Amino acid sequence: MAETGQRQAQIGVTGLAVMGSNIARNLARHGHTVALHNRSIAKTDALLAEHGSEGDFIRTETTAEFVAALERPRRVLMMVKAGDATDAVIDELADLMEPGDIIIDGGNSLYTDTIRREAAMAARGLNFIGAGISGGEEGALNGPSIMPGGPAESYESVGPLLESISAHVDGVPCCTHIGPDGSGHFVKMVHNGIEYADMQLIGEAYDLMRGVLGMDVAEIADVFREWNTGDLDSYLVEITADVLSAVDATTGRPLVDVIVDEAGQKGTGRWTVKSALDLGVPTTGIAEAVFARALSSAPDQRREARGLHSGADRSAAPADRAAFIEDIRQALYASKVIAYSQGFDQIAAGSEEHGWNVHPGDLATIWRGGCIIRAKFLDRIRDAYAENPELPALLLAPYFRDAVETAVGSWRRVVMTATATGVPVPAFASSLSYYDALRADRLPAALTQGLRDYFGAHTYRRIDKPGSFHTLWSGDRSEVEA
Ligand code: 6PG
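The rules behind the values
- Residues numbered from 1 in each chain as written.
- Predicted model: local features only at pLDDT ≥ 70, side-chain atom pairs only at ≥ 80, totals over all residues.
- Heavy atoms only, no water.
- Pairing = 2+ DSSP bridges.
- Helix = DSSP H or I, 4+ residues; strand = E, 2+ residues; numbered from the N terminus.
- Axes fitted to C-alpha atoms, helices over the stretch in contact; angles between N-to-C directions.
- Contact = heavy atoms within 4.5 Å.
- Core = buried A, V, L, I, M, F, W, Y, C linked by side-chain atoms within 4.5 Å.
- Buried < 20%, exposed > 50% of the residue type's maximum accessible area, 1.4 Å probe, protein only.
- Near = heavy atom within 4 Å.
- Polar contact = N/O pair within 3.5 Å; in protein donor to acceptor, adjacent residues only side chain to side chain.
- Areas by Shrake-Rupley, 256 points an atom, 1.4 Å probe, with all protein chains shown as cover.
- Nonpolar A, V, L, I, M, F, W, Y, C, P; charged D, E, K, R; others polar.
- Phe/Tyr/Trp six-rings, centres within 6.5 Å; stacked < 30°, edge-to-face > 60°.
- Lys NZ or Arg CZ within 6 Å of the ring centre and 35° of its normal.
- Salt bridge = Lys/Arg side-chain N within 4 Å of Asp/Glu carboxyl O.
- Parallel < 35°, antiparallel > 145°, perpendicular 65-115°, else oblique.

Enquirer: Looking at this model, I keep getting lost on the sheet that holds strand 1 (residues 11-14). Mind explaining?
Expert: In a beta sheet, neighbouring strands are held together by backbone hydrogen bonds and run either parallel or antiparallel to one another. A sheet is described by the order of its strands in space; here seven strands give the open sequence 3-2-1-4-5-6-7, paired in mixed fashion. Of all the strands in the sheet, just strand 3 (57-59) and strand 7 (145-149) have a single pairing partner and so form its edges. Across the sheet, the axes of successive neighbouring strands diverge by a mean angle of 25°, strand direction being ignored. Against the sheet, helix 8 (residues 183-211) engages strand 5 (102-105), strand 6 (127-134) and strand 7, with an angle of about 15° to strand 6.

Enquirer: Where do I start with the nonpolar core in this structure?
Expert: A general tendency of soluble globular proteins is for nonpolar side chains to be buried together. Judged by nonpolar contacts, the single largest core of 86 residues is most densely connected at Phe 224, Trp 227, Trp 367, Ile 381, Trp 411 and Phe 428. In contact with Phe 224, not counting residues within four places along its chain, are Ile 202, Ala 205, Tyr 206, Met 209, Val 237, Thr 240, Ala 241 and Leu 244. Core analysis: the second largest hydrophobic core is formed by 26 residues, Val 34, Leu 47, Ala 131 and Leu 162 among them.

Enquirer: Got a minute to help me understand the site of the ligand in this structure?
Expert: In the vicinity of the ligand lie 14 residues, with Ser 134, Gly 135, Glu 195, Tyr 196 and Arg 293 positioned nearest. One nitrogen or oxygen atom from the main chain of Gly 136 is found 3.2 Å from an oxygen atom belonging to the ligand. Here an oxygen atom of the ligand and a side-chain polar atom of Asn 192 are 3.0 Å apart. When the ligand sits alone it has 420 Å² of accessible area, and the protein chains cover 80% of it. Partitioning the shell around the ligand into residue classes produces two nonpolar, eight polar and four charged.

Enquirer: Looking at this model, I keep getting lost on the packing of aromatic side chains. Mind explaining?
Expert: Both the distance between ring centres and the angle between the ring planes are used here to describe each pair of aromatic rings. Using the criterion set out here, one finds 12 aromatic pairs in the structure. Ring plane angle 80° and centroid distance 6.2 Å describe the contact between Tyr 111 and Trp 356, whose orientation is recorded as edge-to-face. With Tyr 111 in helix 5 (residues 111-123) and Trp 356 in the loop between helix 15 (321-354) and helix 16 (360-366), the pair connects residues that are 245 residues apart, well separated along the chain. Here Tyr 111 matches Trp 356 in class, with each residue buried. Consider the rings of Phe 377 and Phe 400, whose centres lie 5.5 Å apart with planes at 65°: the pair is edge-to-face. In this pair, Phe 377 sits in helix 17 (residues 377-387) while Phe 400 sits in helix 18 (residues 398-421), placing the two residues 23 residues apart along the sequence. Judged by its relative accessible area of 1%, Phe 377 is buried. These aromatic residues form a ring-pair network of at least three members: Tyr 333, Tyr 340, Phe 377, Tyr 399 and Phe 400. The residue whose ring lies beneath Lys 336 is Phe 377, and the NZ or CZ to ring-centre distance is 5.1 Å.

Enquirer: I would appreciate a short explanation of the pattern of salt bridges in the present structure.
Expert: Oppositely charged side chains may form a pair once their charged atoms are brought near each other. For the structure shown, the criterion picks out 30 salt bridges. Its salt-bridge partner being Glu 92, residue Arg 39 comes within 3.4 Å of it at the nearest N-O pair. Of the two residues, Arg 39 is situated in the loop between strand 2 (34-37) and helix 2 (41-51) and Glu 92 in helix 4 (residues 84-96); the sequence distance between them amounts to 53 residues. A relative accessible area of 63% places Arg 39 in the exposed class. Between Arg 59 and Asp 45 there is a salt bridge, with its nearest N and O atoms 2.6 Å apart. Residue Arg 59 is located in strand 3, and its partner Asp 45 is located in helix 2; the two are separated by 14 residues in the primary sequence. The structure contains a network of salt bridges with shared partners spanning Asp 87, Asp 105, Asp 113, Arg 116 and Arg 117.

Enquirer: Help me understand the packing of helix 8 against helix 12 (residues 268-279) in this model?
Expert: Helix-helix packing is described using two parameters, namely the angle between the two axes and the distance between the axes. Look at helix 8 against helix 12: their axes get within 8 Å of each other, and the N-to-C directions meet at 110°. Classified by the interaxial angle, the pair formed by helix 8 and helix 12 is roughly perpendicular. Contacts between helix 8 and helix 12 involve Phe 186, Met 189, Val 190, Asn 192, Gly 193 and Tyr 196 on the former and, on the latter, Thr 268, Gly 269, Trp 271, Thr 272, Ser 275 and Leu 279. Split into classes, the residues belonging to the contact of helix 8 with helix 12 amount to six nonpolar, six polar and no charged.

What follows is the structure, given as structure tokens:
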């Protein structure tokens, strides 16, 4: 039997793996009474044995007991694996809940699943919130960034609870209502995509210092530590210095040298790129990061290709090490601006497509703390959208425009040197090409249109008059209005 007595919990957490346990503890530490539930009771008991004194928990065994232990409207936070497991738990809960009750999915669910689930729950009178939660295990316990999407009226009931456990920056919670149905999981997906791009850019910067400048790992760790005191100040740069400083206890070598160089992925980066393709948004930085992970994880091909001639020119390595490190720093910053600018473009396009009315400035605000991509730089993004909420692109905000224009010389030197010396920099290089394409007066897209018209009579528009036109390519090559 459950030991619920007459006590009622303000919120229940089901799914008590590390993230779920830590969120439950965080809620309890903030004075909320938390009902606990897990498919296997052993996890619930382990949590209570180790951390039961941290706050007011209610132990439950069955889903029915769990639901019965909640005050109304009932609020359940699900921390279960995305996909089928999430659907199974929602079905079980929904059968026991009543109109007005609220289910919050705190997993990394695909936003289209969230749209479907929200509609299905709304049809039953239940409120469904898809909440992106970022910050890993540590964030879950001490303050994550939370991106809840769903009915606005249900946010009134769960918002204060979620805001209380989120990270805070300058007293402002890193949690706000994002918009309806799948919007919270959509922005979390793009957040993760940006996380992929950030990590890829950091990896390229590291690889350049090693491959071009021949620096050892400890020296590179120091560079990242130094960078973390300036414009690049961010969680990922900070932990890069930590990871690069770690020494393997068995071999005495830098840990990074004994880790297999095949990057894994659970799917959110790939989802971001698929969505970008569907929306027609060139999220190139994130795409390069996803493809770089895929390439790294093709060991058979890589083994066979290892002997290919590089044509690399070692003499292209710059003599002035400090100057080149500064070039890399600038290139990293500029490429990062591009990645965020593209990510925000994708969020704007998704918001438009689904009628979500997502405010980019809100995202910059709640990503300043708690989440994996938290960075000093987010303050600048917040300022940029505060100054002009209708910014056509983040890159075009005066601050970022100036920063990138200042960096562009360094950026070109880095990409040229990388190319000459054979160090792969897919994200640095494609971000620079994106920048060059975006600022170009004319693009070769005109030629693409001519070719499409030639082989498929797809027509083109002219710069000097309205309408669509077709050239009679296999006839007398005169032009006709289409
Ligand atoms: C976060 C992280 C978290 C996780 C992702 C990425 O915001 O706390 O993004 O959600 O690390 O699942 O994982 P992969 O790199 O395995 O795709």
